[in-house]
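Residues per chain, in single letters:
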Amino acid sequence: MSLNTLPLLFVNLGGEMVYILDQRLRAQNISAEKARRVMHDIVGTMLNRRFMEELFKPQELYSKKAVRTVFDRLAHASIMRLNAASMDKLYDLMTMAFKYQVSLCLRPNDILLTTLNHLDAILKFVEGTTITSQVEYVYELLIETYGSLSDGDFHLIRQTILNFFQDMHIRVSIFLKDKVQNSNGRFVIPTNGQVPHKTEVPGTIKYFDEKGSPTYSESFTPGSHFNDVQLEGSYDLHGPRRTNLGTNMYSASRIETTVSPAKTVVHSSDLETSAPNPLAKAQLDLLSSLLSVEPRQSENKTEFRLNLFNTDEEEEEASAGCSKLSDEEGSLVITIDASKVQF
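Quick caveat: nothing in here was measured; it's all calculated off a predicted structure.

The next thing to look at is the packing of helix α5 (residues 84–104) against helix α8 (residues 151–164). How two helices sit against one another is set out by the angle between their axes and by the gap between those axes. One can describe the packing of α5 onto α8 by two numbers: an axis separation of 10 Å at closest approach and a directional angle of 145°. The hand of the α5/α8 crossing is left-handed. Of α8, the residues touching α5 (which contributes Y91, F98, K99, V102 and S103) are R158, I161, L162 and F164. Residues of the contact of α5 with α8, tallied by class, amount to six nonpolar, one polar and two charged.

Attention shifts here to the environment of T191. If you trace the backbone, T191 turns up in the loop between α9 (173–177) and β3 (193–194). Residue classification places T191 among the exposed positions, given a relative accessible area of 63%. For the pair formed by T191 and G223, sequence separation is 32 residues and the distance between their alpha carbons is 9.9 Å. Residues contacting T191, with those up to four places away along its chain left out, are S224 and F226.

Turning our eyes to something else, we now look at a negative patch on the surface. A cluster of acidic residues, E313, E314, E316 and E317, forms a negative patch at the surface. Taking relative accessible area as the criterion, E314 reaches 33% and is therefore assigned partly exposed.

Quick look at the packing of aromatic side chains now. Using the criterion set out here, one finds 10 aromatic pairs in the structure. A centroid spacing of 5.1 Å and a plane angle of 90° characterise the contact between F10 and F51, whose relative ring orientation is edge-to-face. Separated by 41 residues along the polypeptide, F10 in helix α1 (residues 6–27) and F51 in helix α3 (residues 49–55) bring together distant segments of the chain. Look at F10 and you get buried, because its relative accessible area is 5%. Aromatic ring contacts, followed pair by pair, group F10, F51, F71 and Y91 into a single cluster.

Structurally, the position occupied by N48 is in the loop between α2 (32–46) and α3. Here N48 falls in the partly exposed class, since its relative accessible area comes to 26%. Residues N48 and Q134 lie 86 residues apart in sequence; the distance between their C-alpha atoms is 6.9 Å. A distance of 3.0 Å separates a polar atom in the side chain of N48 from the backbone nitrogen of R50.

On to α8. Here α8 spans 20 Å end to end across 14 residues, near enough to the 20 Å set by a 1.5 Å rise per residue. If you check which residues of α8 are buried, you get F154, I157, T160, I161 and F164. The buried residues of α8 occupy an angular sector of 120° when the element is viewed end-on, so they sit on one face. Of the surrounding secondary structure, the elements contacted by the buried residues of α8 are α1, α4 (64–75), α5, α6 (110–125) and α7 (132–146).

So, how was this worked out
- Residues numbered from 1 in each chain as written.
- Predicted model: local features only at pLDDT ≥ 70, side-chain atom pairs only at ≥ 80, totals over all residues.
- Heavy atoms only, no water.
- Axes fitted to C-alpha atoms, helices over the stretch in contact; angles between N-to-C directions.
- Helix = DSSP H or I, 4+ residues; strand = E, 2+ residues; numbered from the N terminus.
- Left-handed = near helix turned anticlockwise from the far one by under 90°.
- Contact = heavy atoms within 4.5 Å.
- Nonpolar A, V, L, I, M, F, W, Y, C, P; charged D, E, K, R; others polar.
- Buried < 20%, exposed > 50% of the residue type's maximum accessible area, 1.4 Å probe, protein only.
- Patch = residues over 30% accessible without salt bridge, like charges linked within 9 Å, V, L, I, M, F, W, Y side chains within 5 Å.
- Areas by Shrake-Rupley, 256 points an atom, 1.4 Å probe, with all protein chains shown as cover.
- Salt bridge = Lys/Arg side-chain N within 4 Å of Asp/Glu carboxyl O.
- Lys, Arg positive; Asp, Glu negative; His and termini not counted.
- Charge placed at Lys NZ, Arg CZ, Asp CG, Glu CD.
- Phe/Tyr/Trp six-rings, centres within 6.5 Å; stacked < 30°, edge-to-face > 60°.
- Polar contact = N/O pair within 3.5 Å; in protein donor to acceptor, adjacent residues only side chain to side chain.
- Expected span 1.5 Å × (residues − 1).
- Arc of directions from axis to C-beta.

Shown next, in the form of structure tokens:
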């Protein structure tokens, strides 16, 4: 497990959350002033300087429960409110989008370029405000932390992220329509297209002599179409990333964000238990204190509810379905205490 995974996980999931909330705020015709306030409050809280400094310290990845709790708090850091079903849907969309992006990375350091794409978009949402300095500070932290990592380090980070998402197989309508996701929630990874930068296109066999010098070559048909990447993505603040991974897939012409949960295994380690892990509790306490998200009693008149579903009826049905599923699966969870080694 990499000790440098948490910041990348958090920033990328945060970027996806911003994309989804922006799309739903526009879809529900929320006033521009309120929408702008929501985006600024959430980004300002998410990229709090002290919070980022704690996040970038080398540490193990937080539990799924801890990560989910942080984004629950972030989503309610402004005047917007989500009910449980909409929050579930928001988090499902965030996680599946980033899982797909990590799965498509051609090279290990593409994860950093994906993160920078998310940060580029976040910066545009807060242009002209004091929050831009917070975003630029995160740029600095990212380049300082990851700019000189080896391919092996990035491979370990990618493996850690995919392990975190391992049992998440939520069907997303955009992915299903584009035929990049199967009905069981698993992704379809392409076997053609671009090859990694500084990698040769398949189709040539080269022969070398005993001294390592090339002697001759022959061509073959690889069976798929491949193209090479001429230029490498930039780590500069406003540089070209040369990849679409991490960009906004919720354009005005693609507003549907339906999710449909596939049958998955529920692990007791990721849920509330009768004897919660004290380390996880300490993590949540620290994150809560750093986020400092307090209920705003004086703003009740300006608060509004955001629906992540197409209609209120769909949201109510999802809420009822989640409650029923929790009741049915509650008796199937077996808690195993492995916190102490038994001899």
